[in-house]
Amino acid sequence: MKIYLTPGPSENYFIVEEAIKEALQKKVTAISHRSKEFKIIFEHTVTQLKELLQIPDDFSIAFTGSANEIWERILQNCVEKESFHLVNGSFSRKFYRFSEQLNLSPSKYEVDFSKGFLVENIDVPSSAELIALIQNETSSGVQFPIENIAKIREQNKDKLIVVDAVSSLPYANLDFSQIDSLYFSVQKGFGVPAGLGVWVYNQKMIEKAQQLEAKGKSIGTYHSILELDKYAKENQTPETPNVLAIFVLGKVVEAMNKKGIAMIRRETDYKAELLYHTLEQSEFLSPLVNEKSQRSKTVIVANVEKGTSSDVLAFLEKRGIIIGKGYGSFKDSQIRIANFPTHSKELMEQVADLLMLYGK
Ligand SMILES: *Cc1c(COP(=O)(O)O)cnc(C)c1O
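Here the structure is a predicted model, which means the values were calculated and not measured.

With that settled, the discussion passes to the layout of surface pockets. Each pocket or cavity is described by its volume, and for the largest pocket that value is around 250 Å³. Around the largest pocket sit Met1, Lys2, Ile3, Tyr4, Glu11, Asn12, Tyr13, Phe14, Val16, Glu17 and Thr342, which together line it. Taken together, the elements giving at least two residues each to the lining of the largest pocket come down to strand E1 (3-5) and helix H1 (16-25). Split into classes, the residues belonging to the lining of the largest pocket amount to six nonpolar, two polar and three charged.

If you want it as structure tokens, here you go:
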């Protein structure tokens, strides 16, 4: 049996199989999305998420098809002319590109691949309405330290701040008083089959969409934030949703709550420490990100200094372990390893031991 340590999709959380079986037994995939049963499932998933991520009551949760979709919805609903983006890799660049494609006029602060942002250098134009932060850039394994978000908020009180934590949740411990929106998709740290995006937002996001709509701007149709919010208040979705995924996510988050978020975070720190230490000791592999405070705890990226990434992948695959190649143009020269809650300490110790043997 193969075990996936790819940075999304990744190995399913261990209760997923059981949760899918339960869903089929309970005919979750056959019920109407206007039924009482569905509302109970929706409410359960939202309640569990609010507990796990300590989401305050003034934030709401809506479900979409993916994080890509949330990028588009944020721009359609909360930006009239200008969004501002921190860009340091493929995912953050794609969000910036979406803004151009939607005929907005985005601005950005871009740093090289594998580098993080210097807070002192982040100069948000006064004309920007919304700041798009990338908390964990999955292509390069660079994290944006969460303490820095408060500094950005301090200097930009009038702007909306939205945070992409797709590949760092549930590990990332965000302070909701410093942000207006947070979003993720479920196939990374939650270990749920792909095809569901989770959008957490506050009233300021809603008000902005209302203002744009009042000005006559199109904010989209069934998945505008106003439409999503209207239905979310009734524990429903505008369209027929992926009920199975919402159910399974609820079960996974419930299991994570039983384990406890503090334990999940401690284990993630331990496993990340182990992998970075291994990469530093290895003769043939090295951590891509030099600055320790900027190293992602959940997506660990390394340069391959002997052979290519395919050699490392093949070496691990013989032992049933599947990791990711580098992203885009780095596909041959780098490897990426996910460190998500589903990946046990024992598994990571095994991966670390194998990586030390690579090339010998
Ligand atoms: C994977 C990922 C996305 C896109 O998620 P989809 O579910 O494919 O839409 C966005 N941002 C980051 C940082 C990601 O890692």
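Let's pick the thread back up.
Moving on to the sheet that holds strand E13 (residues 321-325). Taken in spatial order, the five strands line up as E1-E13-E14-E12-E11 in an open sheet, and their pairing is mixed. Edge positions in the sheet fall to E1 and strand E11 (285-287), since each of these pairs with one other strand and no more. Across the sheet, the axes of successive neighbouring strands diverge by a mean angle of 35°, strand direction being ignored. In this sheet, strand E14 (residues 334-338) lies alongside strand E12 (residues 299-304) in antiparallel orientation, the contact comprising five bridges.

A separate point is the site of the ligand. Neighbouring the ligand are 14 residues, the closest being Asn68, Thr138, Asp164, Ser185 and Lys188. Here an oxygen atom of the ligand and a side-chain polar atom of Thr138 are 2.4 Å apart. Ser185 has a polar side-chain atom sitting 2.8 Å from an oxygen atom of the ligand. For the ligand, whose unbound accessible area comes to 380 Å², protein coverage reaches 89%. It is helix H3 (residues 67-78) that provides the largest number of residues to the shell around the ligand, a total of three residues.

Glancing now at the packing of H1 against helix H8 (residues 243-259). In the contact formed by H1 and H8, the axes pass within 9 Å of each other and the chain directions differ by 130°. Considering the angle they form, H1 stands oblique to H8. For H1 against H8, the interelement crossing comes out right-handed. For the pair H1 and H8, contact is made by Val16, Ala19, Ile20, Glu22 and Ala23 and by Leu244, Phe247, Val248, Lys251 and Val252, respectively.

Turning next to the domain arrangement of the protein. Its domain assignment divides the protein into domain 1 (3-10 + 261-357) and domain 2 (16-258). Computed over C-alpha atoms, the centres of domain 1 and domain 2 are 26 Å apart. Summed over both sides, the interface between domain 1 and domain 2 buries roughly 2200 Å², with carbon and sulfur atoms accounting for 60% of that surface. The tally of links from domain 1 across to domain 2 stands at zero salt bridges. Put simply, domain 1 and domain 2 have 14 residue pairs in polar contact (both at pLDDT 80 or more) between them. When contributions to the side of domain 1 that touches domain 2 are tallied by element, the ones reaching two or more residues are helix H9 (261-281), E12 and E14. Considering each element in turn, the side of domain 1 that touches domain 2 owes the most residues, six residues, to H9.

The rules we used
Residues numbered from 1 in each chain as written. Predicted model: local features only at pLDDT ≥ 70, side-chain atom pairs only at ≥ 80, totals over all residues. Heavy atoms only, no water. 1 Å grid on protein atoms, 1.4 Å probe; cavity = no way out; pocket = protein on both sides within 12 Å on 5 of 7 lines; lining within 4 Å. Points joined across faces, edges and corners; volume = space filled by probe spheres on them. Helix = DSSP H or I, 4+ residues; strand = E, 2+ residues; numbered from the N terminus. Nonpolar A, V, L, I, M, F, W, Y, C, P; charged D, E, K, R; others polar. Pairing = 2+ DSSP bridges. Axes fitted to C-alpha atoms, helices over the stretch in contact; angles between N-to-C directions. Near = heavy atom within 4 Å. Polar contact = N/O pair within 3.5 Å; in protein donor to acceptor, adjacent residues only side chain to side chain. Areas by Shrake-Rupley, 256 points an atom, 1.4 Å probe, with all protein chains shown as cover. Parallel < 35°, antiparallel > 145°, perpendicular 65-115°, else oblique. Left-handed = near helix turned anticlockwise from the far one by under 90°. Contact = heavy atoms within 4.5 Å. Domains from an automatic or database assignment. Buried area = accessible area lost by both parts, 1.4 Å probe. Salt bridge = Lys/Arg side-chain N within 4 Å of Asp/Glu carboxyl O.

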